[in-house]
Amino acid sequence: MKLMLLPLALLALTACTGKNEQKPLLTGKVNLPNPVEVSVSYDYEGDTYETKFMVEPYGAFEYSDSAFIPEASEVLITIDGMPHGAYLAKGKTVEMNVHPKVAFTGDNVDASRFFDSYYQAYNFMDFKPTPDRPYDYAQWNERLTTRTDDIRALIPSVQEELQDELADLVNSTYGFYRVLTLNMDRDNDHSAEIDSILGAVDPNSDVARKSYIITYWFDRESRDRLPQMTTYDSFTANSIRIADSLVSNPGNKKYLWLRLASSFLMAPMSDEQLYAFFDSIAPQLEKAPQLRQKMIDMQESIRPKVSDDDAIPSDPVLIDPEGKRVHLSELLGNEIVYIDIWATWCAPCCAEIPHLEKVVEEMKDNRNIRFISISWDENRDAWLEKLGRDKPTWPNYIFEKSSGDKFMADMGILGIPRFLIVGKDSRFIDTNARRPSKGVVEELRKLAE
């Protein structure tokens, strides 16, 4: 789920051509014609550990167990932006063959099939309204109910010692998405059902954290306990202290504390302000010292990194609709370039497309300027479907995930749409340019004279 900020752990990874003395947890073959990024992540006591690596076209990979912390765990495997899953255990190897469908062999096959289906069924992006797929209560509820029934039907195939835990996980995840669906229905009052769902949550169970329903549970439980907000930092500190008092599971505490701090830390602040906030939650940071560095990293990630007249901070790989790969730097120079960074799930982004279309049309005869759009989508199919409907007349690309995420982080871009203007010297003219809907065409005409 793309809402979380994940800490990275350097886990041992071996190439298929190398020698690995330890038995790998996971081996795989990715039957796709382009290089793809693979991410393997798992939750351990409230921390998420993630490893990323590239796989060549129709390539194979191994994921070693040398730094795998738990004895056994479900893992989320993201391949080319699409979620998959498996169940890994030390001393055992799961083998997966990817595309067009996933096939498992080796160890823990049934549990791996379950988690692969689980992560695909509960893909958060499938429950996020988009301009092309607006919220519809009946459709959302039918999707959730059907997928949950299908996942529950897989539980009896898994080894018996896991079945109760999996049933709890599915029930809890269903509860999270049910509350999400009900909250989006503004036409009816669902407070009684929501209270019933959240009243059954055990805030100290691991599944409450793994299913994310603990976030809704805490919002409800803290509502009448929080004093009236005076400043955002004191409100956040009070929220963290209340979470400490209401929850005993250390992993759930850490998860809630980081979530609560995230919103506060999304606004730039001075070092003095940041360390004053740390002082206000010192007892909690003593229980989870690693959170301090995570919060510092979060604050650092939003501080401005690039200014006008700077060169691009990194050179991401872009992929066109036919699968051809090109670096951003190859598209710069010789002309003024107006860059649109967007995604299919971003309503304001999609709202700008008709305006951008008009700007492109107005300036189509000016050889001193070119337009490119770059999608930050993880779902390539959704991007291609959108292009198929819109039929844009200017070049469109999608970020290769790893280098694209690095570029966005290096730029300090956290929200989209974002528009950039790059000069003929490949240096930024404007790192936060006007939107097409806000009269950018006049500025572009002057620059392209």
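Here, the structure is the one placed above.
In this report, we go over the structure that sits alongside the text. Remember, predicted model here, so these are calculated numbers, not experimental data.

### Some remarks on the packing of aromatic side chains
Logical step 1: For the structure shown, the criterion picks out 25 aromatic pairs.
Logical step 2: Ring centres 4.7 Å apart and planes at 55° place the aromatic pair tyrosine 42 and phenylalanine 68 in the tilted group. One end of the pair, tyrosine 42, is in strand β3 (residues 36-44); the other, phenylalanine 68, is in the loop between β5 (60-63) and β6 (72-79), with 26 residues separating them in the sequence.
Logical step 3: Since its relative accessible area comes to 2%, tyrosine 42 is described here as buried.

### A look at a negative patch on the surface
Logical step 1: Together, Glu160, Glu161, Asp164, Glu165 and Asp168 make up a negatively charged patch on the protein surface.
Logical step 2: Of note, glutamate 165 is situated in helix α3 (residues 160-184).
Logical step 3: Under the relative-accessibility criterion, glutamate 165 is labelled partly exposed at 42%.

### Quick look at the side chain of serine 211
Logical step 1: Here serine 211 is to be found in the loop between α5 (206-210) and α6 (213-222).
Logical step 2: Its relative accessible area of 1% is what places serine 211 among the buried residues.
Logical step 3: Setting aside residues up to four positions removed in sequence, serine 211 forms contacts with Ser172, Thr173 and Phe176.

### Some details on unusual backbone geometry
Logical step 1: With an omega dihedral of 0°, the bond running from histidine 99 to proline 100 counts as a cis peptide bond.
Logical step 2: Along the chain, proline 100 falls in the loop between β8 (94-98) and β9 (103-106).
Logical step 3: In this structure, proline 417 follows isoleucine 416 across a cis peptide bond, with omega equal to 10°.
Logical step 4: Considering the arrangement of structural elements, one finds proline 417 in the loop between α14 (401-411) and β15 (418-422).
Logical step 5: For serine 426, which is not a glycine, the phi torsion comes out positive at approximately 65°.
Logical step 6: For serine 426, the position within the fold is in the loop between β15 and β16 (428-430).

### Digging into the sheet that holds strand β13 (residues 369-375)
In any sheet, the strands associate via hydrogen bonds between backbone groups, in a parallel or an antiparallel arrangement.
Logical step 1: Across the sheet, 7 strands lie side by side as β11-β10-β14-β13-β12-β15-β16; this open sheet has mixed pairing. Each having just a single partner strand, β11 (325-327) and β16 make up the two edges of the open sheet. Shown here is a sheet whose adjacent strand axes are inclined to one another by a mean of 35°, direction ignored.
Logical step 2: Across 3 bridges, the pairing between strand β10 (residues 317-319) and β11 is antiparallel. Residue pairing in the sheet places isoleucine 319 in a bridge with arginine 325 of β11.
Logical step 3: Relative to strand β14 (residues 396-399), α14 is tilted by about 90°, and along the sheet it contacts β10, β12 (336-342), β14, β15 and β16.

### Overview of the environment of leucine 260
Logical step 1: Considering the arrangement of structural elements, one finds leucine 260 in helix α8 (residues 250-264).
Logical step 2: Along the backbone, leucine 260 and serine 239 are 21 residues apart, and their C-alpha atoms lie at a distance of 7.1 Å.
Logical step 3: Beyond its immediate sequence surroundings of up to four residues, leucine 260 is in contact with Phe218, Thr236, Ser239, Ile240 and Ala243.

### Quick word on the pattern of salt bridges
Logical step 1: Taken as a whole and assessed by the stated rule, the structure comprises 24 salt bridges.
Logical step 2: Ionic pairing is found between aspartate 390 and lysine 386, a salt bridge with its closest N-O pair at 3.3 Å. Of this pair, aspartate 390 and lysine 386 both sit in helix α13 (residues 380-390), 4 residues apart, which is roughly one turn of the helix.
Logical step 3: Exposure remark for aspartate 390: the relative accessible area of 28% places this residue in the partly exposed category.
Logical step 4: According to the relative accessible area criterion, lysine 386 is buried, its value standing at 6%.
Logical step 5: Taken together, the shared-partner salt bridges connect Asp195, Arg220, Glu221 and Arg225 into one network.

The rules behind the values
Residues numbered from 1 in each chain as written. Predicted model: local features only at pLDDT ≥ 70, side-chain atom pairs only at ≥ 80, totals over all residues. Heavy atoms only, no water. Phe/Tyr/Trp six-rings, centres within 6.5 Å; stacked < 30°, edge-to-face > 60°. Helix = DSSP H or I, 4+ residues; strand = E, 2+ residues; numbered from the N terminus. Buried < 20%, exposed > 50% of the residue type's maximum accessible area, 1.4 Å probe, protein only. Patch = residues over 30% accessible without salt bridge, like charges linked within 9 Å, V, L, I, M, F, W, Y side chains within 5 Å. Areas by Shrake-Rupley, 256 points an atom, 1.4 Å probe, with all protein chains shown as cover. Salt bridge = Lys/Arg side-chain N within 4 Å of Asp/Glu carboxyl O. Lys, Arg positive; Asp, Glu negative; His and termini not counted. Charge placed at Lys NZ, Arg CZ, Asp CG, Glu CD. Contact = heavy atoms within 4.5 Å. Pairing = 2+ DSSP bridges. Axes fitted to C-alpha atoms, helices over the stretch in contact; angles between N-to-C directions.

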